[in-house]
Amino acid sequence: MQTQTASSGLPFMKMHGLGNDFVVINGTDVPSGLSDSLVSAIAHRNTGVGFDQLAVIEESDRADARLVFYNADGSLSATCGNATRCIARHLMDTRRVDRLVLETEHGLLPCEDAGNGLTRVNMGAPLLAWNEVPIAQDIDTLHLPIDGDPVATGMGNPHCTFFVDDAEAVDLTTFGPAHEHHPMFPERTNVQVAHLIGPDHLRMRVWERGTGITMASGSSSCATAVAAARRGITGRKVRISLEIGDLVIVWRDDGVWMEGPTAHVFSGTFTPAFLEAHNG
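A few points on the structure. (Residues numbered from 1 in each chain as written. Predicted model: local features only at pLDDT ≥ 70, side-chain atom pairs only at ≥ 80, totals over all residues. Heavy atoms only, no water.)

Quick look at the overall build of the chain
And step 1. In terms of helices and strands, the chain carries 5 helices and 17 strands.
And step 2. Whereas a compact globule of 280 residues would reach a radius of gyration of roughly 19 Å, the chain reaches 18 Å, a difference of no more than 12%.
And step 3. Overall, the chain is about 55 × 40 × 30 Å in size when its C-alpha atoms are taken along their principal axes.
And step 4. Out of the 280 residues belonging to the chain, those deemed buried represent 55%.
And step 5. Summarising the internal contacts of the chain: among those between residues at least 6 apart in sequence, 63% fall at separations of at least 24.
And step 6. Total accessible area on the chain stands at roughly 11500 Å², and carbon and sulfur atoms take up 49% of it.
And step 7. For the chain, the separation between the mean place of its 20 positive charges and that of its 34 negative charges on side chains is 5 Å. (Helix = DSSP H or I, 4+ residues; strand = E, 2+ residues; numbered from the N terminus. Rg over C-alpha atoms; globule rule 2.2 N^0.38 Å. Buried < 20%, exposed > 50% of the residue type's maximum accessible area, 1.4 Å probe, protein only. Contact = heavy atoms within 4.5 Å. Areas by Shrake-Rupley, 256 points an atom, 1.4 Å probe, with all protein chains shown as cover. Lys, Arg positive; Asp, Glu negative; His and termini not counted. Charge placed at Lys NZ, Arg CZ, Asp CG, Glu CD.)

What follows is the structure in structure tokens.
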């Protein structure tokens, strides 16, 4: 789709959750949607703004708002946990409420103020069946027939989690794309490597489908926590240490809850000239 833009440009917010960064746009400012070329141009960290994901806030008749997510390559993602937390914090602060519900392609996600500046979101029940993740064969998602014995988990998007001796030692620049495009995952996959630091405490690094290496990932943290609990490596409440901080993941009967900090870094406006140049 081509983007309709006013002569004043397109307003946006730059946010991040533990370094996992986002451009957030109000959907009423882009009534005709975002073109793939414009999304990719905004994603460029030298000639645009740069982001791991772009999120558009739309109106919803089922929730307080609806979120649509784009990867840096312009492809769509059904969910983005850290962006959901960031936008939930923004909307709760703006509307002066301490809880709300956001609609995503993955479903309705309850969000709440966790106190001390932290925001909590229920990412929903994990998808554990092979055709829900999805993977290409009717096999046990707890032990994939791939070197390294990874676990497959669906969190609205597919995940492939490897438990290793030292996550820092893995070269994600080659390991990540090799498994993102593995034939076992018909829709590609996010890739995590994690090791146990202590009881119910994991160190995780991530390669995100359609984006690459990111400093954090909410849905990946949820998938890793679920995989660790299923393997018996941890219990169902896990601290996930990322590049610059921690998320707390709790797998409850009502879904996988994720809690952590958010940041609204700045607000800005894309110029009409930038929009016109990339409005493919």
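Details of the nonpolar core
And step 1. By size, the foremost hydrophobic cluster in this structure holds 47 residues, and its most contacted members are V24, L102 and I249.
And step 2. Broken down by element, the residue count for this core peaks at 7 residues, all from helix α4 (residues 218–231).
And step 3. Discounting chain neighbours no more than four positions away, the residues touching V24 are F12, M13, M15, A55, I57 and I87. (Core = buried A, V, L, I, M, F, W, Y, C linked by side-chain atoms within 4.5 Å.)

Digging into the side chain of S217
And step 1. Tracing the backbone shows S217 in the loop between β13 (212–214) and α4.
And step 2. Looking at S217, its side chain comes within polar contact range of the side chain of S220, at 3.0 Å.
And step 3. Not counting the four nearest positions on each side in its chain, S217 is found in contact with N20, N82, M204, V206, E208 and L247. (Polar contact = N/O pair within 3.5 Å; in protein donor to acceptor, adjacent residues only side chain to side chain.)

Quick word on empty space enclosed by the protein
And step 1. With the rule as written, the count across this model stands at 1 cavity of 30 Å³ or more.
And step 2. In this structure, the largest cavity spans a volume of roughly 80 Å³.
And step 3. Forming the boundary of the largest cavity are 14 residues, of which Q53, S77, T79, N157 and E208 lie nearest the centre.
And step 4. For the lining of the largest cavity, the residue count by class is 1 nonpolar, 11 polar and 2 charged. (1 Å grid on protein atoms, 1.4 Å probe; cavity = no way out; pocket = protein on both sides within 12 Å on 5 of 7 lines; lining within 4 Å. Points joined across faces, edges and corners; volume = space filled by probe spheres on them. Nonpolar A, V, L, I, M, F, W, Y, C, P; charged D, E, K, R; others polar.)

Considerations on the packing of aromatic side chains
And step 1. According to the stated counting rule, one finds 4 aromatic pairs in the structure shown.
And step 2. Where F12 meets F270, the ring centres are 4.3 Å apart and the plane angle is 25°; that geometry is what we call stacked. With F12 in strand β1 (residues 10–17) and F270 in strand β17 (residues 263–270), this pair connects stretches of sequence that are 258 residues apart. When sorted by exposure, F12 lands in the same class as F270, which is buried.
And step 3. With 5.4 Å between their ring centres and 20° between their planes, F270 and F274 make a pair best called stacked. Neither residue differs from the other here; F270 and F274 are each classed as buried.
And step 4. Over the ring of W251 we find R236; its NZ or CZ atom is 4.0 Å from the centre of that ring. (Phe/Tyr/Trp six-rings, centres within 6.5 Å; stacked < 30°, edge-to-face > 60°. Lys NZ or Arg CZ within 6 Å of the ring centre and 35° of its normal.)

Side note on the environment of Y70
And step 1. Among the secondary structure elements, Y70 is positioned in strand β4 (residues 65–71).
And step 2. Residue classification places Y70 among the buried positions, given a relative accessible area of 12%.
And step 3. Along the sequence, Y70 and A43 sit 27 residues apart, while their C-alpha atoms lie 9.8 Å from each other.

Describing the pattern of salt bridges
Opposite charge on two side chains permits them to pair, given that their charged atoms come into close proximity.
And step 1. Overall, the coordinates contain 20 salt bridges when judged by the stated rule.
And step 2. Between R62 and E103 there is a salt bridge, with the nearest N and O atoms lying 3.3 Å from each other. Within this pair, whereas R62 is found in the loop between β3 (53–58) and β4, its partner E103 is found in strand β6 (residues 99–104), the two being separated by 41 residues in sequence.
And step 3. Owing to a relative accessible area of 11%, E103 belongs among the buried residues under this scheme.
And step 4. For D246, the salt bridge goes to R239, with nearest N and O atoms at 2.7 Å.
And step 5. Take R239: its relative accessible area is 37%, and that puts it in the partly exposed class. (Salt bridge = Lys/Arg side-chain N within 4 Å of Asp/Glu carboxyl O.)

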